[in-house]
Amino acid sequence: MPSDSLLPSLLTRMVDCQLEKAFAASPQELRRLFHGRSGVIPQWSQVIVDWLPNVIVIRLYAQINQELLAALIAFTASKEAVKGVLVQKRGRGRETEFDIVYGEVPALLICEENGLKFEIEPLQNQNFGLFLDMRHGRQWLREHAQDKKILNLFAYTCAFSVAAVAGGAQLVANVDVSKKALSVGRRNHQLNGHQKQLTQFMPYDMLKSWSRIKKPGPFDIVVIDPPSFQPGSFVAQNDYAKVLRRLDQLTSDNALVMACHNDPAHTSDFVKDLMAQMCPEFEFEQRLAVPEEFYEDNSEKSLKVMIYKKRVNTA
C-alpha cells in the first residue's frame, strides 16, 4: 500500500496519463480518468475522476483527506485544457452535493463518444447523462444493429439508441419511466442528425405496460440496462426476473439480448441464474469486457454486460 506522502503524486500521474490518452483520441471524447473502485490505490477507493470536455468531475463516495483532495484539485486546475473543476459528493440513498471549485462549469455540454454526440448536464442529478463504463456495450450494439428492430429498456437518455441508429437500425423503441430523460434522448438523436421515424419513445413504467411495449415488435435485439437499486422504481433483487420472463413474447427467432447489471455485490451468476430460470430458450454467448480504464482485480465486482441468443425451435 502506498505511503500517504506518495498518494497525491501517484494519483496525479495516473490522471495525467489518462488525460493524454483522452486528448490523443479526441479532445471532445468523454473519458474516465481514475476509477477508484479498481482498488489500485486503496486510499482512493471512494474517488472517481472523469473528463467531460473541458471540465474535470471529481466524485466522492465518502469523506477523504482534505489535503489530498486539494492536491488533486490543484493539479487538474493547472492543466491548460481544463476550464472548470467540479466536486460531486454522493452516495446511495443521499442527496448529491455539487461544488464548483475552479473556473466555470456550464449547465450543458455537448460531448462525443466514438464520433457520436451527446448532451451532458454535469450539474444535474447523480448521473450526468452517459454511463462511461458502457462504451463497449454501445459499440457492440452499433456493430450488430444493421436492419434490426431494437427494444431499449431503461433507456435513460437513449445512448444505446443513438449508437443503434448510427449502426443502421430499422427501429429503436426506447422505454423509460422518466419523460425528462427521454426528452434528452430525443435531443441526442437530433444532435446526430437521425431521422425521427427510426425511433419511438415510450414514457412507461415497463413493469405495468408490456402490452404497449411489445406492439412495435417482435424485436431482434433487446437491451436491458436497469439501475441496480432505485426504490420505488426498480430494485434488481426483486424486479430483474419480472423483465426477463417477458423476453420470449418480445423477441423474434434468433434474437439477441444484452443483459446488464452493475451491482458489485452481485456476480455475473445473478443474471445467468435468472436467465436460466426465466427464459431458458436463450443461450449465453459472451460477456463484454469493460473499457480498460474501468479494470478491477475482481471482474465480478465490475459492470456485467452479457450477450444471449435465442434458440430457434425446430420441433
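Higher on the page you've got the structure.
So, here is what we can say about the structure in this document. (Residues numbered from 1 in each chain as written. Predicted model: local features only at pLDDT ≥ 70, side-chain atom pairs only at ≥ 80, totals over all residues. Heavy atoms only, no water.)

1. A short note on the overall build of the chain
1) Next: Along the backbone of the chain there are nine helices and 16 strands.
2) Next: Relative to its length of 315 residues, the chain is compact, with a C-alpha radius of gyration of 20 Å against a globular reference of 20 Å.
3) Next: Across its three principal directions, the C-alpha atoms of the chain cover 70 × 40 × 35 Å.
4) Next: A buried classification covers 51% of the 315 residues belonging to the chain.
5) Next: Contacts in the chain between residues far apart in sequence, at least 24 positions, make up 63% of those at least 6 positions apart.
6) Next: Carbon together with sulfur atoms contributes 48% to the accessible area of the chain, which is approximately 14,500 Å² in total.
7) Next: Separation of charge centres in the chain, based on 37 positive and 36 negative side chains, amounts to 6 Å. (Helix = DSSP H or I, 4+ residues; strand = E, 2+ residues; numbered from the N terminus. Rg over C-alpha atoms; globule rule 2.2 N^0.38 Å. Buried < 20%, exposed > 50% of the residue type's maximum accessible area, 1.4 Å probe, protein only. Contact = heavy atoms within 4.5 Å. Areas by Shrake-Rupley, 256 points an atom, 1.4 Å probe, with all protein chains shown as cover. Lys, Arg positive; Asp, Glu negative; His and termini not counted. Charge placed at Lys NZ, Arg CZ, Asp CG, Glu CD.)

2. Structural notes on the side chain of glutamate 281
1) Next: Here glutamate 281 lies in the loop between helix H9 (269–278) and strand S15 (282–287).
2) Next: Although glutamate 281 lies buried, it forms no salt bridge, and the closest oppositely charged side chain, lysine 310, sits 5.8 Å away as judged by the N-O distance.
3) Next: If we skip the residues at most four places from it in the chain, glutamate 281 touches Asp248, Lys309, Lys310 and Arg311. (Salt bridge = Lys/Arg side-chain N within 4 Å of Asp/Glu carboxyl O.)

3. As for the sheet that holds strand S8 (residues 149–153)
1) Next: Ordered by their spatial adjacency, seven strands build an open sheet running S10-S9-S8-S11-S14-S16-S15, and the pairing between neighbours is mixed. Lying at the two open borders of the sheet, with one neighbouring strand each, are strand S10 (199–202) and S15. Along the sheet, successive strands turn relative to each other by an average axial angle of 20°, direction set aside.
2) Next: Of the strands in this sheet, S8, strand S11 (219–224), strand S14 (251–261), S15 and strand S16 (304–310) touch helix H3 (residues 135–144), which is tilted by about 170° from S14. (Pairing = 2+ DSSP bridges. Axes fitted to C-alpha atoms, helices over the stretch in contact; angles between N-to-C directions.)

4. Focus on helix H2 (residues 66–77)
1) Next: For H2, spanning 12 residues, the distance from its first C-alpha to its last is 16 Å, which sits close to the expected 16 Å at 1.5 Å a residue.
2) Next: Along H2, the residues that are buried comprise Leu68, Leu69, Leu72, Ile73, Phe75, Thr76 and Ala77.
3) Next: The N-cap residue of H2 is asparagine 65: its side-chain oxygen and the backbone nitrogen of glutamate 67 are 2.8 Å apart. (Expected span 1.5 Å × (residues − 1). Polar contact = N/O pair within 3.5 Å; in protein donor to acceptor, adjacent residues only side chain to side chain.)

5. Details of the packing of helix H7 (residues 236–244) against H9
1) Next: H9 packs onto H7 with a crossing angle of 40° between their chain directions and a minimal axis gap of 9 Å. Judged by the angle between their axes, H7 and H9 are oblique. When you trace H7 past H9, the crossing you get is right-handed. Along its contact with H7, which presents Ala236, Gln237, Tyr240, Ala241 and Leu244, the element H9 presents Phe270, Val271, Leu274, Met275 and Met278.
2) Next: Across the contact of H7 with H9, the residue classes break down as nine nonpolar, one polar and no charged. (Parallel < 35°, antiparallel > 145°, perpendicular 65-115°, else oblique. Left-handed = near helix turned anticlockwise from the far one by under 90°. Nonpolar A, V, L, I, M, F, W, Y, C, P; charged D, E, K, R; others polar.)

6. As for the pairing of strand S1 (residues 31–35)
1) Next: Burial analysis of S1 places five of its five residues in the buried class, the great majority of the element.
2) Next: As defined by bridge partners, S1 adjoins strand S2 (residues 47–52) across four bridges and the pair is classed as antiparallel. Paired with arginine 32 across the strands is aspartate 50, a residue of S2.

7. Digging into the packing of aromatic side chains
1) Next: Summed over all chains, the structure comprises three aromatic pairs.
2) Next: A centroid spacing of 6.1 Å and a plane angle of 85° characterise the contact between tyrosine 240 and phenylalanine 270, whose relative ring orientation is edge-to-face. In this pair, tyrosine 240 sits in helix H7 while phenylalanine 270 sits in helix H9, placing the two residues 30 residues apart along the sequence. For the pair tyrosine 240 and phenylalanine 270, a shared accessibility class is recorded, and that class is buried.
3) Next: Each ring, one from phenylalanine 284 and one from tyrosine 308, has its centre 5.5 Å from the other, and the planes form 70°; the classification is edge-to-face. Placement of phenylalanine 284 in strand S15 and of tyrosine 308 in strand S16 is noted, with a sequence separation of 24 residues between them.
4) Next: Sitting above the plane of the phenylalanine 284 ring, lysine 272 keeps its charged end 4.5 Å from the centroid. (Phe/Tyr/Trp six-rings, centres within 6.5 Å; stacked < 30°, edge-to-face > 60°. Lys NZ or Arg CZ within 6 Å of the ring centre and 35° of its normal.)

8. Here we look at the pattern of salt bridges
1) Next: Evaluated as defined, the whole model comprises 12 salt bridges.
2) Next: Close ionic contact of arginine 135 with glutamate 293 constitutes a salt bridge, the shortest N to O distance being 2.8 Å. Remark: glutamate 293 occurs in the loop between S15 and S16 and arginine 135 occurs in helix H3; sequence separation between them is 158 residues.
3) Next: The class for arginine 135 is buried, based on a relative accessible area of 12%.
4) Next: Between lysine 310 and aspartate 248 there is a salt bridge; the shortest N-O distance is 3.0 Å. Here aspartate 248 lies in helix H8 (residues 247–250) and lysine 310 lies in strand S16, a separation of 62 residues in the sequence.
5) Next: Using a relative accessible area of 8% as the deciding quantity, one classes lysine 310 as buried.
6) Next: Residue aspartate 248 is classed as partly exposed on the basis of its relative accessible area, which comes to 41%.
7) Next: Residues joined in a network through salt bridges with shared partners are Arg31, Arg135 and Glu293.

Everything listed here is a matter of coordinates, which is why it stays silent on function.
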